[in-house]
Amino acid sequence: MSSMLRLRHLALLLPLFAIGGAAADPDNYVDIVRGKALVTAGDCVACHTAPGGQPFAGGLALQTPFGTIMTANLTPDNATGLGSWSADDFARAMHEGRRPGGTYLYPAFPYPYYTNVTRGDLDAIYAYLRTLPPVENRVNRNTLPFPFNIRLSMIGWNMLFFTPGRFKADPKRSDEFNRGAYLVEGLGHCGACHTPFNAFGASRNDKFLQGNQIDNWTVPNITNDQHAGLGKWSVDEVVQYLKTGQTRTSLASGPMKDVIENSTSKMPDADLKAIAVYLKEGGSAGSPAPTPLPASDARMQVGEAIFIDTCSACHTRSGSGVEHMFPKLAGNVIATQNDPSSLIRIIIAGGRATATDSFPTSPSMPSLGYRLGDEQIAAVVTYVRNSWGNAASPVSAETVRDLRTRVTGAAD
Amino acid sequence: MVRRLQRKDVVIVGLGWTGSILAYELSHTGLDVVALERGPWRDTAADFNIGTAPDELRYAVRHDIFLRPKQDTLTMRNNPSQTALPIRKWGSFLPGNGVGGAGVHWNGQTWRFLPDDFRIRSHMIERYGEGILPEGNQIQDWPVSYDDLEPYYDKFERVAGISGKAGNIKGEIHPGGNPFEGAREHDYPTPPMKQGYQQELFTRAAANMGLHPFPRPSANLSVAYTNPYGCSMAPCTFCGFCEWFGCANYSKASPQTCILPALIREPSFEARTECEVTKVNLTVDGKTATGVTYVDAQGEEWEQPADLVLVCAYSLFNVRLLLLSGIGKPFDPASGEGVVGRNYAYQTGSGSLGFFENVKFNPFAAAGSTGVALDDYNSDNFDHGPHGFVGGASITCAHTNGRPIRYHPTPSGTPMWGSAWKKAVRDTYQRVASVGAQGSVMSYRNNYLDLDPTYKDALGRPLMRMTFDYQPNEQKMANWMADRCDEIAKAMGAKATQINRLRVPWNVVPYQTTHNTGGAVMGNDPKTSVLNRYLQSWDVPNVFVMGASAFPQNAGYNPTGTVGALTYWGLDAILNYLKSPGPLVQS
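Residues numbered from 1 in each chain as written. Chains lettered and ligands numbered in written order. Predicted model: local features only at pLDDT ≥ 70, side-chain atom pairs only at ≥ 80, totals over all residues.

Focus: the overall build of chain B
Next up, step 1: When you go through chain B residue by residue, the secondary structure sums to 12 helices and 24 strands.
Next up, step 2: The globule rule puts the C-alpha radius of gyration for 587 residues at 25 Å, and the 23 Å found for chain B is close to it.
Next up, step 3: Dimensions along the principal axes, computed over C-alpha positions, put chain B at roughly 70 × 55 × 50 Å.
Next up, step 4: Within chain B, contacts between residues separated by at least 24 positions form 75% of all contacts whose residues are at least 6 apart in sequence. (Helix = DSSP H or I, 4+ residues; strand = E, 2+ residues; numbered from the N terminus. Rg over C-alpha atoms; globule rule 2.2 N^0.38 Å. Contact = placed C-beta atoms within 7 Å.)

Put into structure tokens, the structure is as follows:
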């Protein structure tokens, strides 16, 4: 009975593909499926979908230091999407950051990464995007304030910070490493978050993947650094994290929750392994581990008292947490990043962990900002950063206050 | 005006334990499933935040997560000669409301009924003769045996992660477990909960008396656990906020912790909350359900057509929906004919409170299902011959909480307020141990459910009327059990004890237990049952009814374990039905 229903639905949907936009080439099945996988790897849907909006129809407001940018409609709608774009137009946007007429795109659209992607992969992505139902959604693409609204200014930016050109495999490395490099440096655009920006909003190549802060979340160092990075993670743990959103010491939340749910949890294991191999073998860089604060430090003593009362029921007295549910804080790489933002904001505003098919539960951290003051949060964060073998700089009440001002009311 | 929606394969009425299990399993096969729930969506992260969940005033006193009597209530009376009046504030039992149903606020005691419970009528007659059966009884054998249900008990225990100690694995008795239980294929999925000092005293005293104490099976988990659906739970922290509360620690098995995280990922599943199903719609001949009609939160009326209707509300409201929909013949106690509303049963509570000296029981370090129990006096595990009653009780030494507002046991005769009361609370808070007997209730002609002739709900539908009292058989049984509890409390070293006998007539005001059973019972004879042995309506084969409403009478245990097992049993039947729709048993 259900198959009959399904057929009827399909019959209703089919004409939608034909009207309002360019039709997909029905003989291109292999490319379309490959393109869908690549679109997943690139997590295009994350930025190109407005809250409550149709997937890929754009309209998400990206907050940048220069103002708000609204993301483009990628559906093949002729008037408001990519319906009139050719494959060459699409490739030019991805490789050069230019629209069909030649106007400049802003690097909030991470073409400095996409320039690495092969033309074959771009054509597959293009083929897949043509199969989406066209959605009429006109997005105001000119929301930046003066002077950033002058798109020609991107000529200078590109000269300074943009190196067009395809990915070049390193013949001395394994195919797996090169596949990982291609994904991380290209479509995956991991560095767009994990690499710090310079004053012009460009990724600092000298600090590639060494950590950043996005939307008041700590974006950790994902080089192989022993202290700050993935040095203590095995390749398998990196794969497990990307696939399921968790390892024994970590549960993804914040922006990485979306990346895992929309993208990496749906990628093939071989690609995840390649990414892990690349990150683990790609070198290590980060700050040296500081000496932990002594337990006798007044901040540590206050922090410990708060931890026992408020945190230890779930995270346990020894900081070992509960597998799949409450992150282990001992040895937790987020807890000991230089930037303590995630620890602070998750105490203030709470959060939820990633839900994947492997682990659908998505446990929550309650918001405690309503009953812990800035001094108290600073103390407990300092305690977590310097207990059970952890070592990281202490956190001041001012840092907590600043972050509280920025995230209060933030729902996540 | 009723507007008709697009047809679904399956419509589920109520999204508690039974509804969410069936919704997950059926949508997972690709069927289009919609669940209609009259209460709100409830989720651990959003609704049972650790910062706000342990709020005794909000939940235990003001009943925040229970059905509001203004939404729906019942009228009640003790016997057919009385005029029933509406329950305007819940007391004796507390129906759930919202996604998760009563599975949100339960304590988590998860039992298997004993093999004899399933054929109690035949068994009692075989051993003691007809004369043992009480006057006016309608006790009947279940149409399924313990062995039929064993794999399904096992499945539910694995989904819920139950913590316990097996007493009988494949016929081999394991010391420390319940030697009376039916043979199990597997041990419990997680080890038993840690017990408190009073449970230690109970265990020692009971063992010395030749009884067989064991840690009772608990849905508050002893260790972290990930169930077959991939849903993860954390170990219980003994916060003592289980019954009447949602668990903030992901430690209590509930639809929220065990099923919903997986269910909401199913693309062919849809839940509509704050939608009250008003009736199951039937074809003109009354032999096929065409779907349901419901009213949404805005008061709009909708018709949801569906090929299969699964009635998964709370047991009492399952019965009411059948009565309102005209599915099955209503029971008439005068003629003894009809089936819907027949064999409503409940649970007895009796026991002994022991007052100790020089102890600190720390009742605040508790969980809803910690406790040590014994089954020596349950079912027919003892000789009923000298006692002249049918049934039995599980006897347990437990403390589920030491919460500040409502937990202040005092010796009888203590004033209800003032300095003497305060002193008594101070003196006894740490020194009281309860030994309680949770007993079976048999089914009788005069204990039944029907539609009230006078009172209506906000939508103009008649309220359901409950006619119930504890019969002499139950009084005799429960009071005999109270004496057994008292013996144990004394053997534990109590300096004084206070026996709590069964309160009669049954009174709807004080809280007793939310173990309402029967009214839409399963059986082998359509003259004495609403459902066949597959929980399928005899009259309308595309309607299945889940829950404790199917129990022919109630046993001396909490019902949820058996409700869970019956749900998985029913699921297999539904999957068979879908291959070839029609009655699974010819009437």
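So, the interface of chain B and chain A
Next up, step 1: Taken together, the contact between chain B and chain A spans 23 residues of the former and 22 residues of the latter.
Next up, step 2: The set of elements that each furnish at least two residues to the side of chain B that touches chain A consists of helix H2 (44-47) and helix H8 (260-263) of chain B.
Next up, step 3: Across the side of chain B that touches chain A, the residue classes break down as 10 nonpolar, 9 polar and 4 charged. (Nonpolar A, V, L, I, M, F, W, Y, C, P; charged D, E, K, R; others polar.)

Examining helix H4 (residues 87-96) of chain A
Residue and element names in this part refer to chain A.
Next up, step 1: What H4 keeps buried is the set Phe90, Ala91, Ala93 and Met94. Projected onto a plane normal to the axis of H4, the buried residues spread over an arc of 160° and lie on a single side.
Next up, step 2: Considering only its buried residues, H4 is in contact with helix H5 (111-114) and helix H6 (119-130). (Buried ≥ 20, exposed ≤ 12 C-beta atoms within 10 Å, placed from the backbone. Arc of directions from axis to C-beta.)

What to know about the sheet that holds strand S19 (residues 432-439) of chain B
All names here are of chain B.
Next up, step 1: The sheet built from 6 strands is open, its strands ordered S8-S17-S18-S19-S16-S22 with antiparallel pairing. Only two strands of the sheet have a single neighbouring strand rather than two, namely strand S8 (214-215) and strand S22 (496-500).
Next up, step 2: Inspection of the sheet shows strand S16 (residues 348-355) paired to S19 by 8 bridges, in the antiparallel sense. Within S19, the position partnered with glycine 351 by the bridge is glycine 436.
Next up, step 3: Against the sheet, helix H6 (residues 197-208) touches strand S17 (372-374), strand S18 (393-397) and S19, its axis set at about 25° to S17. (Pairing = 2+ DSSP bridges. Axes fitted to C-alpha atoms, helices over the stretch in contact; angles between N-to-C directions.)

Examining the pairing of strand S12 (residues 276-282) of chain B
Residues and elements named next belong to chain B.
Next up, step 1: In terms of burial, S12 is largely enclosed, as 5 of its 7 residues are buried.
Next up, step 2: In terms of strand pairing, S12 meets strand S13 (residues 289-295) through 6 bridges, oriented antiparallel. Counterpart to valine 277 in the pairing with S13 is tyrosine 294.
Next up, step 3: Joining the antiparallel neighbours S12 and S13 is a turn of 6 residues, in which glycine 286 adopts a positive phi near 75°.

Quick notes on the sheet that holds strand S4 (residues 74-77) of chain B
Next up, step 1: If you walk across this open sheet you meet the 4 strands as S5-S4-S21-S20 (chain B), and the pairing is mixed. This sheet does not close on itself; its edge strands, each paired only once, are strand S5 (85-86) and strand S20 (448-456) of chain B.

Here's the deal with the packing of H4 of chain A against H6 of chain A
Residues and elements named next belong to chain A.
Next up, step 1: H6 packs onto H4 with a crossing angle of 120° between their chain directions and a minimal axis gap of 10 Å. Classified by the angle their axes make, H4 and H6 are oblique. As for the relative orientation of H4 and H6, their crossing is right-handed in sense. For the pair H4 and H6, contact is made by Ala87, Phe90, Ala91 and Met94 and by Arg119, Leu122, Asp123 and Tyr126, respectively.
Next up, step 2: When grouped by side-chain class, the residues that make up the contact of H4 with H6 number 6 nonpolar, no polar and 2 charged. (Parallel < 35°, antiparallel > 145°, perpendicular 65-115°, else oblique. Left-handed = near helix turned anticlockwise from the far one by under 90°.)

Topic: the nonpolar core
Nonpolar side chains tend toward joint burial in soluble globular proteins.
Next up, step 1: Within the largest apolar cluster, 205 residues are counted, with the highest numbers of intra-cluster contacts made by Ile12, Val13 and Leu310 of chain B.
Next up, step 2: In this view, valine 13 of chain B contacts Leu36, Val277, Val292, Leu310, Val311, Cys312, Ala313 and Leu321 of chain B; residues no more than four positions away in its chain are not counted.
Next up, step 3: In this structure, Ala91, Met94, Leu187 and Ala252 of chain A belong to the second largest nonpolar core, which totals 63 residues. (Core = buried A, V, L, I, M, F, W, Y, C linked by C-beta atoms within 7 Å.)

Describing the confidence of the model for chain A
Next up, step 1: Considering every residue of chain A, the mean pLDDT works out to 90; 92% of them sit at 70 or more.
Next up, step 2: Note on residues 1-22 of chain A: pLDDT under 50 across the span, and 22 contacts to partners over four residues away in sequence or across chains. (pLDDT = per-residue confidence, 0-100.)

Focus on unusual backbone geometry
Next up, step 1: Note that the residue after phenylalanine 146 of chain A, namely proline 147 of chain A, is joined by a cis bond; omega there is 0°.
Next up, step 2: With respect to the helices, strands and loops of the structure, proline 147 of chain A is situated in the loop between H6 and helix H7 (153-161).
Next up, step 3: Following valine 504 of chain B, the chain continues to proline 505 of chain B via a peptide bond in cis, the omega torsion being -10°.
Next up, step 4: By secondary structure assignment, the location of proline 505 of chain B is in the loop between S22 and strand S23 (517-519).
Next up, step 5: Notably, serine 362 of chain A is not glycine yet its phi reads approximately 55°, a positive angle.
Next up, step 6: Locating serine 362 of chain A in the fold gives a position in the loop between strand S7 (351-352) and strand S8 (364-365).

Considering the packing of helix H8 (residues 175-185) of chain A against helix H12 (residues 269-281) of chain A
Two numbers describe a pair of packed helices, the interaxial angle and the distance between the axes.
Residue and element names in this part refer to chain A.
Next up, step 1: In contact at an axis separation of 7 Å, H8 and H12 are set at 95° when each is read in the N-to-C sense. By the angle class used here, H8 and H12 are roughly perpendicular. Contacts between H8 and H12 pair Glu176, Phe177, Arg179, Gly180, Ala181, Leu183 and Val184 from the former with Asp271, Lys273, Ala274, Ile275, Val277, Tyr278 and Glu281 from the latter.
Next up, step 2: Among the residues making up the contact of H8 with H12, the classes are represented as 8 nonpolar, 1 polar and 5 charged.

Concerning the pairing of strand S21 (residues 462-467) of chain B
All names here are of chain B.
Next up, step 1: Counting buried positions along S21 yields 5 of 6 residues, so the element is predominantly enclosed.
Next up, step 2: Pairing geometry for S4 and S21, over 4 bridges, is parallel. Bridging from a neighbouring strand, methionine 76 pairs with methionine 466 of S21.
Next up, step 3: Following S20, the chain reverses through 5 residues before pairing antiparallel with S21; glycine 460 in that reversal takes a positive phi of roughly 85°.

Side note on the confidence of the model for chain B
Next up, step 1: Scored by pLDDT, chain B has a mean of 97; 100% of the residues are at 70 or more.
Next up, step 2: Listed scores for the predicted complex are pTM 0.93 and ipTM 0.90.

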